[in-house]
Amino acid sequence: MNRIEAQKAYAKLLIEMGLQLKEGQPLTISAPVEAQDFIPMVVDAAYDAGASIVQVFWRHGKISRATLERAREEDLLDIPDYVLDQEFFYAKKGGASLHFTGDDPELLTGLDPQRLQRYNKARSEKLKPFMEMTMNDEVPWNVAAYPTLDWAKKVFPDAENPVDELWDAILYASRVTEDAVGAWREHLENLDQRAQWLNKEAFSALHYTNSLGTDLTIGLPKGHIWAAASSTLPEGGEFVANIPTEEVFTSPEWNRINGVVYSSMPLIYGGQPIDQFSLTFEDGKVVAAEAKVGNEILQELLNTDDGSRYLGEVALVPYDSPISNLKMLFYNTLFDENAACHLALGKAYPTTIEGGTELEESQLREHGINHSLVHEDFMVGTSDLNIDGIREDGSVVPVFRSGNWAQ
């Protein structure tokens, strides 16, 4: 396929496999303005699939930075109701949501971390009802990527045509072939088999070790559910929230995590990099944290609310996977988290505990499920990562050896 054909195949994949859009279903799209030549392909694919209406919301990185830097703070933090209403209007009609990541990884570097964190918290509080709706799998949603020039130059600083290089990497990592939908069906089946094995084992805990110094034991709540790429809607339909994805994941028990873990890749948080950091846990809580790059930003993230110092996700990703085998940093969590095992600070997915979507926040916490305004993935996987599954009786089963599945 030439690049135009591949882009059209990518657009079709996002609609037909990512969102699995149905006849008469509305769709909202969030995208950077640089994607103006590509997004019409996505819109056409959506209408071909029977979308009732497609609404596109554009964003401009430099304008966003100017606002975050220069707006009067009392107005910046006064998040208008329409921000939530915009998301809710079509979601309440059963609409799907497609978000394209791709902004400059260092867009907000140099801005006041405390001011940014106050803004992020205010916006998260406003959007909390929609975040809960998506994390409960009540509506189909998908996060994909578009290669903006600033992002491409960060990934390929010496390339003559960095955007073309990044397009190729995105399409490869997203398994875009002439039969991309068929390739994804096979991929999803393989991931589901991994999740089924983990659910059958029902481990009490996982123990992580590697040469970076990671020595971490993560307790798993009773009744936890390992999930793969496909999510199930209340009415029974399915969707794939991330393209690409290589993970199976569940929720840890918020107060049963002990030891130290070291990051294996940079974390881009709110347009600012955090790198070479470690987190020390005692009874689930981060009691010490230090980053060689972006330490102040890391501290602000950890201090967002009561739940941001606890884990909300544990995800297993083999080191030998299409994204990892590219041997490159995307400086974008959508891709980098699918190149390595990762954890997440903050809110856990209620869908990863039996009956979780029917429980209130306090009940979820009683079942070991963390709650927070944030959910931030960070990568911990390496080529020498070993993970042991610990059963209730204390017996040990190898889960990962040398970065890959042991089974």
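Our subject is the structure that appears above.
This write-up is about the structure you can find in this document. In this text the structure is predicted, and so the values were computed from the model without any measurement.

**Description of empty space enclosed by the protein**
(1) Moving on: In total, this model carries two cavities of 30 Å³ or more according to the counting rule given.
(2) Moving on: Taken as a whole, the largest cavity spans an internal volume of roughly 50 Å³.
(3) Moving on: Every residue lining the largest cavity is listed: Thr28, Gln86, Glu87, Tyr90, Ala91, Gly95, Ala96, Ser97 and Phe130.
(4) Moving on: Among the elements that make up the lining of the largest cavity, the one with the highest residue count is helix α5 (residues 81-91) (four residues).
(5) Moving on: Of the residues that constitute the lining of the largest cavity, the class distribution is four nonpolar, four polar and one charged.
(6) Moving on: Roughly 30 Å³ of internal volume is contained in the second largest cavity.

**Some points on the pairing of strand β13 (residues 285-293)**
(1) Moving on: Relative to β13, strand β12 (residues 272-282) runs antiparallel, the two sharing seven bridges. Bridging across to β13, Thr280 finds its partner in Ala288.
(2) Moving on: Linking two consecutive strands that pair antiparallel, namely β12 and β13, is a turn of two residues; a positive phi of about 50 degrees is found at Asp283 within it.

**A look at unusual backbone geometry**
Most peptide bonds are trans, and most residues other than glycine sit at a negative phi.
(1) Moving on: Cis peptide bonds are those with omega within 30 degrees of zero, and the linkage from Ile243 to Pro244 qualifies with 10 degrees.
(2) Moving on: Turning to its location among the elements, Pro244 is positioned in the loop between β8 (238-240) and β9 (248-250).
(3) Moving on: The residue Arg175 is not glycine, and still its phi comes out positive at about 60 degrees.
(4) Moving on: Here Arg175 lies in the loop between α8 (162-173) and α9 (180-201).

**Considering the layout of surface pockets**
(1) Moving on: As a volume, the second largest pocket reaches approximately 200 Å³.
(2) Moving on: Lining the second largest pocket, in full, are Arg175, Glu186, His187, Asn190, Leu191, Arg194, Glu246, Pro318, Asp320, Ser321, Pro322 and Trp405.
(3) Moving on: When residues of the lining of the second largest pocket are assigned to their parent elements, the largest contribution, five residues, is made by α9.
(4) Moving on: Looking at the lining of the second largest pocket, its residues break down into four nonpolar, three polar and five charged.

**Focus on helix α6 (residues 113-135)**
(1) Moving on: A rise of 1.5 Å per residue sets the reference length of α6, with its 23 residues, at 33 Å; its end C-alpha atoms lie only 27 Å apart and thus fall more than 12% short of the reference.
(2) Moving on: Largest kink in α6: about 60 degrees, centred on Leu127, with the proline Pro129 one to four residues after it.
(3) Moving on: Taken together, the buried positions of α6 are Pro113, Arg115, Leu116, Gln117, Tyr119, Ala122, Leu127, Phe130, Met133, Thr134 and Met135.
(4) Moving on: The backbone nitrogen of Gln114 has a side-chain oxygen 3.0 Å away, supplied by the residue at the start of α6, namely Asp112.
(5) Moving on: Of the residues flanking the end of α6, it is Asp137, one or two places downstream, whose phi is positive at about 60 degrees.

**Points about the pairing of strand β3 (residues 96-101)**
(1) Moving on: The buried fraction of β3 is high, at five of six residues.
(2) Moving on: Pairing between β3 and strand β4 (residues 141-145): five bridges, direction parallel. Across the sheet, the residue bridging to His99 is Val143, located in β4.
(3) Moving on: Where the polypeptide runs from β3 across α6 and back to β4, its parallel neighbour, the crossover connection is right-handed.

**Description of the sheet that holds strand β16 (residues 375-379)**
(1) Moving on: Taken in spatial order, the four strands line up as β9-β14-β15-β16 in an open sheet, and their pairing is antiparallel. The open sheet terminates on both sides in strands that have one partner only, identified here as β9 and β16. Along the sheet, successive strands turn relative to each other by an average axial angle of 20 degrees, direction set aside.
(2) Moving on: Both strand β14 (residues 311-316) and strand β15 (residues 342-346) contribute to a ladder of four bridges, which runs antiparallel. Pairing of Val314 across the sheet is with Leu343, part of β15.

Cut-offs used in this document
- Sequence positions are assigned chain by chain, starting from 1 and proceeding in written order.
- Reporting of local features is limited, given that this is a predicted model, to residues whose pLDDT is at least 70; pairs of side-chain atoms are given and counted only at 80 or more, and all residues count toward the totals for whole chains, interfaces and linings.
- Computation of side-chain values: all heavy atoms of the structure, hydrogens and water removed.
- Put simply, the grid is 1 Å and covers the protein atoms alone, a cavity is a trapped set of points that fit a 1.4 Å probe, a pocket is an open set with protein on both sides within 12 Å along at least five of seven lines, and lining residues have an atom within 4 Å of a point.
- Grid points are joined across faces, edges and corners, and a volume is the space filled by probe spheres set on the points.
- Counting from the N terminus, the helices are DSSP H or I runs at least four residues long and the strands are E runs at least two residues long.
- Charged residues are taken to be Asp, Glu, Lys and Arg, nonpolar residues to be Ala, Val, Leu, Ile, Met, Phe, Trp, Tyr, Cys and Pro, and polar residues to be all remaining types, Gly included.
- A pair of strands is treated as paired once DSSP finds two or more bridges between them.
- Expected span, for any helix, means 1.5 Å times one less than how many residues it has.
- Each residue is assigned a bend, namely the angle between axes fitted to the seven residues that terminate at it and the seven residues that start at it.
- Burial classification: accessible surface area is computed with a 1.4 Å probe over protein chains only, and a residue below 20% of its type maximum counts as buried, one above 50% as exposed, and the rest as partly exposed.
- Under the rule applied, a polar contact is a pair of N or O atoms within 3.5 Å (in protein, one hydrogen donor and one hydrogen acceptor; residues adjacent in sequence only if both atoms are side-chain atoms).
- Orient the strands so they point away from the viewer; a crossover is then right-handed if the path from the first strand over the helix to the second runs clockwise.
- Helix axes are fitted only over the stretch in contact, all axes being lines through C-alpha atoms; the angle between N-to-C directions runs from 0 to 180 degrees.

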